[in-house]
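Take a look at the letters that make up each chain.
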Amino acid sequence: MDLFQKSRLLAAEAVIATSALEAPEWPEHPDMTNIDEQWPVVVAGTLHRANKLLGSIQLLLKAQVDDTASAVILLRNLFECTVNLAYIRRDKSTRLPEFIRHGAGSSSSEEVEKTKAEPQGPQSNFPKGAWRHLAEQCEEIGWRGMYDTLYRVTSEASHGGSNTILAEYFELLGQPRTNESKAQILVGAVRCYLLVAAIAAAEFHPAIDADTVMSLTDACRGIEKEIVDLTPQVLP
């Protein structure tokens with residue numbers, strides 16, 4: 001079994017491990033000061049998003065599709081979602097209200113109607129830029145190495161960099177990505193997914209079993225080591 005097949009099996013097991021979760025309902029006008037109410041909603045929402053991203057990445061890496069560059073772009077988004085959640089968890093009382101306010105903008109119906117009446121229209125209610133610098137967040141959660149490698153490479157693809165464009169050209173010449181390079185992408189996605197799952201396990205036990213998530217994380221590290229032994233690159 002090659003590394004890509006191992007990564008696909010691991011991804012399937014990770015999804016199965018979290019499949020019993022039933023997400024709480026998001027309140028119509030969330031109370032941003034009620035941490036006990038909001039934290040489970042954010043955890044469940046992030047896990048649901050991570051599940052979609054992991055599934056889409058797997059689909060894009062299939063031989064019938066073989067769109068590696070798009071899979072890398074989605075991996076960047078999954079990485080950002082994961083880091084946000086892990087960072088917020090370390091200081092929920094301060095960071096969670098800030099995170100929700102940044103993305104939700106005006107929460108009351110009066111504020112929403114006021115924004116609609118502004119010359120710029122409702123789009124002025126959306127945030128401009130990230131709520132916190134990702135490098136700062138990665139530093140705190142111990143993922144600075146992941147930021148300097150995985151995130152930087154995935155950002156190159158997201159911005160349509162020359163490496164991505166040249167890779168597309170070589171695919172036209174009949175030089176598709178190898179299964180090893182696809183394994184690098186998928187195992188990075190699984191690594192992110194499992195960190196989200198570990199946080200969800202702490203919140204939603206026994207629907208998600210922490211020991212199972214830990215065992216899968218160890219298996220993920222094992223595949224990562226095999227990849228490193230084959231190539232020093234984190235991603236193609």
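Definitions and limits used
Residues numbered from 1 in each chain as written. Predicted model: local features only at pLDDT ≥ 70, side-chain atom pairs only at ≥ 80, totals over all residues. Heavy atoms only, no water. Axes fitted to C-alpha atoms, helices over the stretch in contact; angles between N-to-C directions. Helix = DSSP H or I, 4+ residues; strand = E, 2+ residues; numbered from the N terminus. Parallel < 35°, antiparallel > 145°, perpendicular 65-115°, else oblique. Left-handed = near helix turned anticlockwise from the far one by under 90°. Contact = heavy atoms within 4.5 Å. Nonpolar A, V, L, I, M, F, W, Y, C, P; charged D, E, K, R; others polar. Phe/Tyr/Trp six-rings, centres within 6.5 Å; stacked < 30°, edge-to-face > 60°. Buried < 20%, exposed > 50% of the residue type's maximum accessible area, 1.4 Å probe, protein only. pLDDT = per-residue confidence, 0-100. Disulfide = S-S within 2.5 Å. Expected span 1.5 Å × (residues − 1).

A. Representation of the packing of helix 3 (residues 68–89) against helix 7 (residues 144–158). Contact pair helix 3 / helix 7: the axes reach a minimum separation of 8 Å and the direction vectors enclose 130°. In terms of orientation, helix 3 lies oblique with respect to helix 7. Like other packed secondary-structure pairs, helix 3 and helix 7 cross with a definite hand, here left-handed. Along its contact with helix 3, which presents Ala69, Val72, Ile73, Leu75, Arg76, Phe79 and Glu80, the element helix 7 presents Met146, Tyr147, Leu150, Tyr151, Val153, Thr154, Ser155, Ala157 and Ser158. In the contact of helix 3 with helix 7, the residues fall into eleven nonpolar, three polar and two charged.

B. Fine view of the packing of aromatic side chains. In this structure the tally under the stated criterion is six aromatic pairs. Ring geometry for Tyr87 versus Trp131: centroids 5.9 Å apart, planes at 65°, classification edge-to-face. You can see Tyr87 sitting in helix 3 and its partner Trp131 sitting in the loop between helix 5 (109–116) and helix 6 (134–141), a full 44 residues away along the chain. The two residues Tyr87 and Trp131 agree in class, both being buried.

C. Local environment of the confidence of the model for the protein chain. Overall, the prediction assigns the protein chain a mean pLDDT of 85, with 82% of residues at 70 or greater. In this model, residues 105–112 is a region of pLDDT below 50 whose contacts with residues beyond four sequence positions or in other chains number ten contacts.

D. Focus on the state of the cysteines. Taken as a whole and assessed by the stated rule, the structure comprises zero disulfides. Its sulfur unpaired, Cys192 is 8.9 Å from the next cysteine sulfur, which belongs to Cys220. Since its relative accessible area comes to 0%, Cys192 is described here as buried. For Cys220, a relative accessible area of 0% gives the class buried.

E. Examining helix 9 (residues 179–204) more closely. Between its first and last C-alpha atoms helix 9 spans 35 Å; for 26 residues at 1.5 Å apiece the expected length is 38 Å, and the two agree. Counted residue by residue, helix 9 has 21 buried out of 26 residues, so it is predominantly covered.

F. Examining the side chain of Gln137 more closely. Along the chain, Gln137 turns up in helix 6. By relative accessible area, which is 0% here, Gln137 ends up buried. The contact partners of Gln137, leaving out residues within four places of it in the chain, are Val83, Asn84, Tyr87, Trp131 and Arg132.

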